[in-house]
Amino acid sequence: MKTRGLWLGLWAAIIWPGLVSAQQSRITGLVFNALNKEPLEKASVSVQGTGKGATTDSLGYFVVDGIAPGLYNLEVRFTGFETSIEYEIRTSSVKPVYIEIGLIPSTFSLGEVVVSDEARTHTVVTPLSVQKIGWAELQRMPGATLDISKAIQSYPGVLPKSSFGYNIVVRGGAPNENAYYLDGIKIPAINHFSVQGASGGPNGLVNLDFIQDMELYSGAFPANYLSGLSSLMDLRQRDGRSDRIGSRITLGYSDLGCTIEGPLSKKSNFIMSARTSFSQYLLKALNVPVLPKYKDFQFRNKWRFDDKNELIITGLAGFDVFKLNTTAPESDALLYNVGYIPEGTQNQYAVGANYKHYLKNSFYTLVVSRNGFDNRADKFRNNSYQEADRLLKYRSAEAENHIRFEHNIYQGNTEFKYGITYVHNQSKINVAGYDVGGAGVEHVDFSNQMQYNQYGAFALVSKRLMDSKLGITAGLRSDGSNVAKSMRNPLGQISPRLSANYALTEFLSLKSTAGIYYQMPPQIILAYNAANVDQGLSDYMKAKQASVGFEYRNKKTYRASVDLYYKGYSQYPFLLRDSISFANAMADYVVVGNQPSVANSTGRSYGAELFIQQKLKRNYWWMLAYSYNKCEFKDKKGVFRPSSWESLHFITLNVGKTFKRNWQLGIKWRYSNGTPYTPYNVSKSSVIDNWNVTNKGVFDYNQLNAKRLPSFHQMDIRVDKNWWFGKWNLNMFFDLQNAYGSNIQLMPYLTTSRDSNWNPIVDPANPGHYLLKQINSDTGRTLYTLGLIAEF
């Protein structure tokens, strides 16, 4: 069936070009002063490489007509303001592109900047640890199949693959150290099937149809956000159509989706989407052990009441169900996976409002939002679904209510920003079942319900000195919480941060950052320490960070940078049952961190990153990212051991080109060292009573991360073909992951030896123990996706 669909697609690619008449597209937009939202009249707008352009009218609006559908860079110039280049705008004959471009007065920044839809908070200094990524880069990335979490793996510091699961790991930080924002609103995750207490998942939750661009921070986190210790992802959504109602149908590698957008009035527009998975049917036919099923919904409504007031209301929700494929033919791999993986549901959501009010030289921002994460899981011995055989009953619900107020002020060549934040947290957790501890099988019966508050304030100042050669941004943030006595005083969590940029030449800059950052531990950690929080877990997680590097920009489409960084961790949770740092904890498909801990773990992460990027130039682009990362945490004896997320060397090369007749080709190749893992305690795992509870190996933490997976390399290829019709267009893409079938090993698993009837074999030399064997696990398959995107 898949082969037939591929040949039909290739046949259409050959026949259809002759049936399509020449089409034209349009770019419209608004150019304004990013500091106060005032429109800029007579700004020059040009579409690079076409000779087409326009001048803004008295209200700041422009229209560029008569360009063929395709991919373009848009350049905007206005006297007294920095030139702005919006890279890789995809135009279509079906609908006009609408884009809002805020220009920054030249006193606030140095060199070429890319701005869109709002004033940037760090216009004076943009650290090397910040990657600005447009929609076109995310959408076309080979192997990503429209998933943001996979697309960012091509950028410096982002781990290509961990030894277990679908973790988002940045600069060696654990998966719980990431934070996500959508139009300034905190969201709990960007993936379906995310593990509670961590992040990442096999399927994307955020719909790329909504995204204008994003900023990925791996350090130098903005003071106005509650950030993680390793990364912050700031996603900005685009406006909906203002001319008429339109729609977009997407058939991806795992789901089918529909997006509808259009005007609600002259001052308001909307975008909304719904997606549902179909991959569970394909996976069942392929005898895959776990059958994930999901749905998600996303919406955005923007109101521009006048030139000085605008409101964004947005939200998203995901509904996940994971079932076991217990009727598939028996095999060692299948019986192992269905033996220990539970079944259950996950629901997550976020909804909020972002209001902006612009004055002459400043603007106010007020953000109010709520997000939640519900997690339910059940496991029965031999998947009998009988209550007498229950091994796990897990129920949890977490929710956060956020309020953030900001005020940006611009005076001369100085920018001030200050604000306050407040968060009300709620969690309810009930766990019943069995587990294996130091003394063998243990009965688990845990229940907790808690509420607590977080509060904080921040301020920063940015200024350009020495005739604009030196730019400095200094910030201060202070946070507190009533969850523990030692956290209540916000002066105990003072977070200073400093970024500097010195222009050595017109194109070459020296950049450096330093700061202290705090992060509240995940709610699951707090819940398991609620009874003795003042004696055990009594601190925010803390990281001291610093970086220095060079950046070369030619003010057009080329940039190159080298960055050296160091992170020193302290006050990290140390899990008492496993006697390991929470930074080294491995998830079990449901939750991680569900045990008592103390806040005394320490660690360090340091490395170097090289990044070279050629954005769209005529009809090609490419980028190279190399990362070296060393990450270690102390074990129970106080000795530094490699972190579970350490991959010493990894490199990614992306190249792409557009061809005549609307063809596009992208190729990604990457190489990475393997990550460490902890071997199993075979003797303890093989005890029959233990195995009948866990149905998997028990780790030997006396050999914490003593082994390492082998290095791997992989090539992904993506081919796109676009057709433009009168009232609709079609994009067909063919994505080939691991094109030459490279063997990519994951952490091996321990399972029982079985007889001809697939029953576990008791070890004849050791009664009371099963006979176990270790089997390698790999993801060395070649996967291909034939996707369709139709826009009306």
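(A) How the structure looks around the overall build of the chain. Along its length, the chain carries eight helices and 42 strands. In terms of C-alpha radius of gyration, the chain reaches 27 Å, essentially the compact-globule figure of 28 Å for 792 residues. Buried positions account for 59% of the 792 residues belonging to the chain. Counted over contacts in the chain with a minimum sequence separation of 6, partners at least 24 positions apart contribute 67%. Between the centroid of the 84 positive side chains of the chain and the centroid of its 65 negative side chains there is a distance of 3 Å.

(B) Geometry of the pattern of salt bridges. One pass over the full model with this rule turns up 45 salt bridges. One salt bridge connects Asp-239 with Arg-300, and the closest N-O pair in it is separated by 2.9 Å. Highlighted residues: Asp-239 in the loop between β14 (231-237) and β15 (246-251) and Arg-300 in strand β18 (residues 290-306), separated in sequence by 61 residues. The exposure class assigned to Asp-239 is buried, which follows from its relative accessible area of 11%. Exposure remark for Arg-300: the relative accessible area of 2% places this residue in the buried category. The shortest N-O distance in the salt bridge between Glu-551 and Lys-511 comes to 2.8 Å. Pair noted here: Glu-551 is in strand β28 (residues 541-553) and Lys-511 is in strand β27 (residues 508-519), with a separation of 40 residues, a long-range link. Lys-511 carries the same exposure label as Glu-551, and that label is buried.

(C) Region of the structure containing the nonpolar core. Of all hydrophobic cores here, the largest spans 50 residues; its most connected members are Tyr-394, Val-483 and Tyr-572. When residues of this core are traced back to their parent elements, those giving at least two are β9 (178-182), β23 (414-437), β24 (440-465), β27, α6 (523-528), β28, β29 (558-575) and β32 (620-634). In terms of residues, this core owes the most to one element, α6, which gives five residues.

(D) Spotlight on the sheet that holds strand β1 (residues 25-33). Spatially, the three strands line up as an open sheet ordered β4-β1-β7, and their pairing is mixed. The open sheet has two free edges, formed respectively by β4 (61-67) and β7 (97-103), since each of these has just one partner strand. Across this sheet, the average inter-strand angle for adjacent strands is 25°, counted without regard to direction. Where β1 meets β7, seven bridges bridge the pair, whose relative direction is parallel.

(E) Quick peek at the packing of aromatic side chains. According to the stated counting rule, one finds 28 aromatic pairs in the structure shown. Ring plane angle 90° and centroid distance 5.7 Å describe the contact between Tyr-569 and Tyr-572, whose orientation is recorded as edge-to-face. Each member of the pair, Tyr-569 together with Tyr-572, is buried. These aromatic residues form a ring-pair network of at least three members: Tyr-569, Tyr-572, Phe-582 and Phe-633. Sitting over the ring of Phe-640, Arg-604 keeps its end group 3.8 Å from the ring centre. A cation sits over an aromatic face here: Arg-718 above Phe-733, 4.1 Å from the ring centre.

(F) How the structure looks around the pairing of strand β26 (residues 494-503). In this structure, strand β25 (residues 470-481) lies alongside β26, joined through nine bridges in antiparallel fashion. Bridging across to β26, Leu-476 finds its partner in Pro-496. Here seven bridges tie β26 to β27, and the two strands are oriented antiparallel to one another. The residue of β27 that forms the bridge with Asn-501 is Lys-511. From the end of β26 to the start of β27, which pair antiparallel, there are four residues.

(G) Representation of the environment of Leu-182. Its location among the elements puts Leu-182 in strand β9. Separated by 133 residues in the primary sequence, Leu-182 and Gly-315 have C-alpha atoms spaced 8.5 Å apart. In this structure Leu-182 touches Ile-187, Ile-211, Leu-235, Gln-237, Gln-298, Thr-314 and Leu-316, once residues within four positions along its chain are discounted.

(H) Summary view of the sheet that holds strand β10 (residues 185-187). Spatial ordering of the open sheet is given by β8-β13-β14-β9-β10, a layout of five strands whose pairing is mixed. The open sheet has two edge strands, β8 (130-134) and β10, and neither has a second partner. Strand-to-strand twist across the sheet, computed as the mean angle between neighbouring axes with direction ignored, equals 25°. Sheet topology note: the strand β13 (residues 211-217)/β14 ladder contains six bridges and is antiparallel. When the sheet's bridge partners are listed, Tyr-217 is paired in β14 with Leu-232.

(I) Broad picture of the confidence of the model for the chain. Summing up the model confidence of the chain, the mean pLDDT is 90 and the portion of residues at 70 or higher is 94%. With pLDDT under 50 throughout, residues 1-21 is counted as low confidence; its partners more than four residues away or in other chains account for 21 contacts. Between residues 109-123, whose pLDDT stays under 50, and residues either more than four places distant or in other chains, the model counts 66 contacts.

(J) Main features of unusual backbone geometry. Unusually for a residue other than glycine, Thr-145 sits at a positive phi of about 45°. When you line up the elements, Thr-145 lands in the loop between α2 (135-140) and α3 (148-151). Residue Thr-145 is classed as buried on the basis of its relative accessible area of 6%. The phi torsion at Asn-662 lies on the positive side, around 65°, for a residue other than glycine. Overall, the relative accessible area of 29% leaves Asn-662 in the partly exposed class.

Rules used in this analysis
- As a convention, each chain's residues are numbered from 1 in the sequence order in which they are written.
- Only residues with pLDDT of at least 70 are given local features in this predicted model, and only at 80 or more are side-chain atom pairs given and counted; all residues enter the totals for whole chains, interfaces and linings.
- Hydrogens are left out, water is left out, and the side-chain values use all remaining heavy atoms of the structure.
- Only DSSP runs of H or I reaching four residues or more are called helices, and only runs of E reaching two or more are called strands; each is numbered from the N terminus.
- The quantity called the radius of gyration is restricted to C-alpha atoms. Its globule counterpart is 2.2 Å times the number of residues to the power 0.38.
- Per-residue accessibility, obtained with a 1.4 Å probe over protein chains only, is compared with the maximum for each type, and a residue is labelled buried under 20%, exposed over 50%, and partly exposed between these values.
- We call two residues contacting when some pair of their heavy atoms lies within 4.5 Å.
- Asp and Glu count as negative and Lys and Arg as positive, but His and the ends of the chain are not part of the count.
- We put the charge of a Lys on NZ, of an Arg on CZ, of an Asp on CG and of a Glu on CD.
- The term salt bridge refers to a side-chain nitrogen of Lys or Arg lying within 4 Å of a carboxyl oxygen of Asp or Glu.
- For this analysis, a nonpolar core means a set of buried residues of the types Ala, Val, Leu, Ile, Met, Phe, Trp, Tyr and Cys, connected via side-chain atoms within 4.5 Å.
- By definition, two strands form a pair when at least two bridges between them are found by DSSP.
- Throughout, an axis means a line fitted to C-alpha atoms (over the contacting stretch in the case of helices), and angles, computed between N-to-C directions, take values from 0 to 180 degrees.
- To pair, rings of Phe, Tyr and Trp, with the six-membered ring standing in for Trp, must have centres within 6.5 Å; the planes then decide the type, stacked if under 30 degrees apart, edge-to-face if over 60, and tilted in the middle.
- Charge over a ring is defined by NZ of Lys or CZ of Arg lying within 6 Å of the ring centre and within 35 degrees of the ring normal.
- As a per-residue quantity, pLDDT reports the predictor's confidence and falls between 0 and 100.

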